[in-house]
Amino acid sequence: MRILIVTPAPPRSRKGNRVTAVRWSRILRDLGHAVVIAQEYKAQRCDLLVALHALRSFPSIERFRHLHPVLPLIVTLTGTDLYGDIGTDERARRSLDLADALIVLQSRGIDDLPEAVRSKARVIYQSIRPPPGAPRPRRDVFEICVVGHLRPVKDPFRTAAASRLLPASSRIRVLHIGGALSADMERLAHRESADNPRYRWLGELPRWRTIRALARCRLLVLSSQMEGGAHVVSEALACGVPVVASDIPGSVGLLGESYPGYFPVGDTQALSDLLLRCETDSDFYAELEQGCVSLAALVDPARETACWARLLTDLD
């Protein structure tokens with residue numbers, strides 16, 4: 001089968017949509033299909049369209065459905081789709097109606113869809129292979145990692161602000177990996193690195209370096225205001241790195257209702273207290289660690305491949 005994956009993110013972009021599209025293209029090729037990635041559908045010849053982002057890919061979705069009323073169409077929902085656009089934009093809602101199948105990246109995503117289209121939805125957890133070897137954490141500091149581009153929805157400097165509230169005795173150091181998507185964000189990152197001895201911004205790194213840096217850290221912090229299902233959480237689970245996350249649906253859908261590592265969105269003091277507890281309370285840290293170990297099977301590449309194989313069979 002000829003499959004076209006449409007993503008708004010351009011080639012060589014390290015944004016999540018492009019990373020997902022590239023990974024899915026490999027999976028689908030391994031399943032025996034011919035796959036092309038494009039930013040738009042322009043009447044290219046294909047037997048199936050997979051569109052990432054209900055709103056931003058709407059022109060491609062509408063054009064494909066107009067030209068091919070019976071060919072299968074899959075729409076993948078991002079965080080801005082689920083927790084913003086489908087509630088306010090008719091084009092995003094129309095994408096859901098036009099699709100034969102919908103993909104969400106975490107279990108809570110189905111609950112946030114309009115009831116009329118929930119039967120179309122599948123959960124496909126994003127997978128990753130951990131880096132070879134086992135990078136060892138530093139012993140002189142308690143290193144934690146923030147991974148994500150610097151944009152407001154990620155609340156990118158929340159962890160830096162929380163680190164400023166830690167007692168002098170704390171050994172916590174923050175590594176922040178991710179490109180600045182505006183000049184203002186870049187200035188803020190440089191200023192924070194200069195003024196905060198606990199914080200170091202590394203900028204955008206190749207993916208293999210990002211994974212290795214994450215794997216050596218003792219903790220991942222995800223402070224986002226909104227996520228559809230952050231791939232970096234999958235990366236942390238695969239690497240055996242415990243997660244501390246804002247209590248948004250996109251993270252609860254990955255880590256579970258009973259996971260103990262949440263803090264209220266935007267609550268700097270609560271995050272600081274949680275980080276200090278991770279550093280100083282070995283039993284609590286072990287609880288986080290075990291909780292993440294128990295979820296590692298969700299991000300096994302074989303599982304993601306099997307989910308895609310079932311979906312394509314059902315659409316056949």
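What this report covers is the structure whose coordinates are included nearby.

Conventions and cut-offs
Residues numbered from 1 in each chain as written. Predicted model: local features only at pLDDT ≥ 70, side-chain atom pairs only at ≥ 80, totals over all residues. Heavy atoms only, no water. Helix = DSSP H or I, 4+ residues; strand = E, 2+ residues; numbered from the N terminus. Buried < 20%, exposed > 50% of the residue type's maximum accessible area, 1.4 Å probe, protein only. Phe/Tyr/Trp six-rings, centres within 6.5 Å; stacked < 30°, edge-to-face > 60°. Lys NZ or Arg CZ within 6 Å of the ring centre and 35° of its normal. Arc of directions from axis to C-beta. Right-handed = clockwise from strand over helix to strand, strands pointing away.

**So, unusual backbone geometry**
- Residues other than glycine seldom take positive phi values, yet histidine 53 does so here, at roughly 90°.
- Its place among the elements puts histidine 53 in the loop between strand 3 (48–52) and helix 2 (58–67).
- According to the relative accessible area criterion, histidine 53 is buried, its value standing at 5%.
- With phi around 45°, aspartate 155 is a residue other than glycine that occupies positive phi space.

**Some thoughts on the packing of aromatic side chains**
- If you walk through the whole model with that rule in mind, you get four aromatic pairs.
- Aromatic side chains tyrosine 259 and tyrosine 262 sit 5.7 Å apart centroid to centroid with 70° between the ring planes, which places their arrangement in the edge-to-face category.
- Between the NZ or CZ atom of arginine 277 and the centre of the ring of phenylalanine 284, over which it lies, the distance is 3.9 Å.

**Some points on helix 2**
- What helix 2 keeps buried is the set Phe58, Ser60, Ile61, Phe64 and Arg65. With its buried residues spanning 160° around the axis, helix 2 presents them on a single face.

**A look at the environment of arginine 209**
- Position of arginine 209 relative to the elements: it lies in helix 8 (residues 207–216).
- In this structure arginine 209 comes out as partly exposed when scored by relative accessible area, which is 42%.
- Along the primary structure arginine 209 and alanine 306 are separated by 97 residues, whereas in three dimensions their C-alpha atoms are 28 Å apart.

**Concerning the pairing of strand 10 (residues 219–222)**
- Alternating residues of strand 10 divide into Leu219 and Val221 and Leu220 and Leu222, and every residue in both groups is buried.
- Between strand 10 and its parallel partner strand 11 (residues 243–246), the chain crosses via helix 9 (residues 231–239), and the hand of that crossover is right-handed.

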